[in-house]
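Remarks on the overall topology
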Amino acid sequence: MDTLTAEQRSEVMSRIRGKDTRPEMLVRRYLHSRGLRYRIHNEGLPGKPDISFTPRLIAVFVHGCFWHGHYPCPRASIPKTRSDFWSHKINSTKERDLRVADQLKGLGWDVMVIWQCEISPSTLEALYEKIAARGT
Ligand SMILES: [Zn+2]
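Just so you know, these numbers come straight off a predicted model, no measurement behind them.

With that settled, the discussion passes to the pattern of salt bridges. In a structure, side chains of opposite charge can pair up when their charged atoms sit close to one another. Within the structure shown, the criterion is met by three salt bridges. Note that Glu 125 is salt-bridged to Arg 34, the shortest N-O span being 2.7 Å. With Glu 125 in helix α4 (residues 121–132) and Arg 34 in the loop between α2 (23–33) and β1 (39–40), this pair connects stretches of sequence that are 91 residues apart. Accessibility classification places Glu 125 together with Arg 34 in one group, the buried group. Of the charged contacts in the structure, one is a salt bridge between Arg 134 and Asp 110, with a shortest N-O distance of 2.3 Å. Here Asp 110 lies in strand β4 (residues 110–115) and Arg 134 lies in the segment after α4, a separation of 24 residues in the sequence. A relative accessible area of 36% places Arg 134 in the partly exposed class. The exposure class assigned to Asp 110 is partly exposed, which follows from its relative accessible area of 35%.

The rules behind each value
Residues numbered from 1 in each chain as written. Predicted model: local features only at pLDDT ≥ 70, side-chain atom pairs only at ≥ 80, totals over all residues. Heavy atoms only, no water. Salt bridge = Lys/Arg side-chain N within 4 Å of Asp/Glu carboxyl O. Helix = DSSP H or I, 4+ residues; strand = E, 2+ residues; numbered from the N terminus. Buried < 20%, exposed > 50% of the residue type's maximum accessible area, 1.4 Å probe, protein only.

Here you go:
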């Protein structure tokens, strides 16, 4: 019952396409279309997770490959000009991501990261299944 047929899945995806295509919005709209309700950018949590499920204690971050340094993803290659600036900036983002994940885990939260380049109907479905498996 939790798994969509290929047809239903492409139906869901076609409703999702064509609006705001930022990775975070794609993930939010998909999970919402599957009936999950969540908080966005909860200021009460370390790192203000993009999406959080309070009773389930699951925090989801949707990371842009470039800004969060998805090595060795091709989308994350450092520009040749001002490469020191970019390396430094992206490294501090990565350090912050690690710190935030540790803080959340310390508070009993599960942290799930979905990378921009990994977003597809099947990874969204897998993410949904993991969250839904946790009950409400
Ligand atoms: Zn990537």
